[in-house]
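Residue-level structural notes
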Amino acid sequence: MTLKTPQDSLTIMNELVLPNDTNYLHNLMGGRLLHWMDIAAAISAQKHCNRIVVTASVDNVSFQQPVKLGDVINIEAKVTRAFTTSMEVKLDVWAQNMPSGTNIKCNEAYYTFVALDENSRTIAVPEIEPQTEKEIELYNGALRRRQLRLILAGRMHPDDATELKALFTAAKKDV
Ligand SMILES: CC(=O)SCCNC(=O)CCNC(=O)[C@H](O)C(C)(C)COP(=O)(O)OP(=O)(O)OC[C@H]1O[C@@H](n2cnc3c(N)ncnc32)[C@H](O)[C@@H]1OP(=O)(O)O
């Protein structure tokens, strides 16, 4: 299976916030943004594995400030790490306001996708080799984030979360 880099999965998506995307206050609805993020992340995961993918989980997303009607949303998605059949995708989202010239980071999130074969069975994905310092940092952190989300999903016992435990042990020593 061909080794991939995070850059191979880079996906950039732009959306214009139209009236139908907003609430009574003319702010972008959170659900609409999550939908766009899901699409960008799915495309990114598909670029990595060249398979059909399904969303397995979405980590916590917070909406820090309202995005306004007429803003241009810019979503950047990249696979940070591939496991056996699953991939973690990091998303960064900016809201650009053309008249004022501002471009504000409004969200970031991690989505997890699982690759499926023609019979909808899970299938192994290519490995990933991070290249830049930032990509290596995200790759290393992905194991901890995976353990946390699997515990929260009831799919891993906390005792088995070795990476997470190591993090807390190190933090305890620093105190
Ligand atoms: C693009 C879209 O929006 S698709 C629509 C929304 N998504 C869906 O409909 C998906 C519905 N869910 C499913 O089909 C299944 O639960 C699947 C395919 C995600 C997992 O199927 P399972 O039979 O549980 O497979 P299995 O236990 O072998 O796990 C497969 C992988 O999923 C990962 N996984 C499963 N659940 C989660 C979760 N909640 N969070 C993160 N990873 C998960 C596992 O860790 C495993 O990863 P690995 O192979 O890299 O170690």
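The structure presented is a predicted model; accordingly, all values stated were derived computationally and were not measured. (Residues numbered from 1 in each chain as written. Predicted model: local features only at pLDDT ≥ 70, side-chain atom pairs only at ≥ 80, totals over all residues. Heavy atoms only, no water.)

1. Section: the overall build of the protein
Put simply, the test is: Numbering of helices and strands runs from the N terminus; a helix is a DSSP stretch of H or I covering at least four residues, while a strand is a stretch of E covering at least two. Buried means the residue's accessible area, taken with a 1.4 Å probe over protein chains only, is under 20% of the maximum for its type, while exposed means over 50%, and partly exposed covers the values in between. Between two residues, a contact is recorded if the distance between any of their heavy atoms is within 4.5 Å. With residues, only the protein chains shown are counted as cover, and all accessible areas are computed by Shrake-Rupley using a 1.4 Å probe. Asp and Glu count as negative and Lys and Arg as positive, but His and the ends of the chain are not part of the count. Charge placement uses NZ in Lys and CZ in Arg. For Asp and Glu, CG and CD serve respectively.
Each helix and strand in the protein was counted, giving three helices and five strands. Secondary structure elements in the protein, listed N-terminal to C-terminal, are β-α-β-β-β-β-α-α. With the C-alpha coordinates aligned to their principal axes, the bounding extent of the protein is approximately 50 × 50 × 30 Å. Residue burial in the protein is summarised as follows: out of 175 residues, 38% are buried. The contacts in the protein between residues at least 6 apart in sequence include a share of 67% that link residues at least 24 apart. In the structure as shown, the protein presents an accessible area of about 10300 Å², 54% of it carried by carbon and sulfur atoms. Across the protein, the 19 positively charged side chains and the 21 negatively charged ones have centroids separated by 3 Å.

2. Examining the sheet that holds strand β5 (residues 102-116)
Which entries qualify depends on this criterion: Strands pair, by our definition, only if DSSP identifies at least two bridges between them. Here an angle of 0 to 180 degrees is reported between the N-to-C directions of two axes, which are lines fitted to C-alpha atoms, with helices fitted over the stretch in contact.
The strand order across the open sheet formed by five strands is β1-β3-β4-β5-β2, and the pairing between neighbours is antiparallel. Sheet topology places β1 (11-16) and β2 (52-58) at the edges, where each strand pairs with a single neighbour. Within the sheet, the average angular offset between the axes of one strand and its neighbour, ignoring direction, is 30°. With six bridges connecting them, β2 and β5 associate as antiparallel partners. Paired with Val-58 across the bridge in β5 is Tyr-111. Strands β1, β2, β3 (72-82), β4 (86-97) and β5 of the sheet are contacted by helix α1 (residues 30-49), whose axis makes an angle of about 40° with β3.

3. Things to note about α1
The following threshold applies: What a helix is expected to span follows from its residue count: subtract one and scale by 1.5 Å.
Along its 20 residues, α1 runs 28 Å from first to last C-alpha, staying within 8% of the 28 Å computed at 1.5 Å per residue. The inward-facing, buried residues of α1 abut β1, β2, β3, β4 and β5. Of the residues trailing α1, Asn-50 is marked for its positive phi of about 55°.

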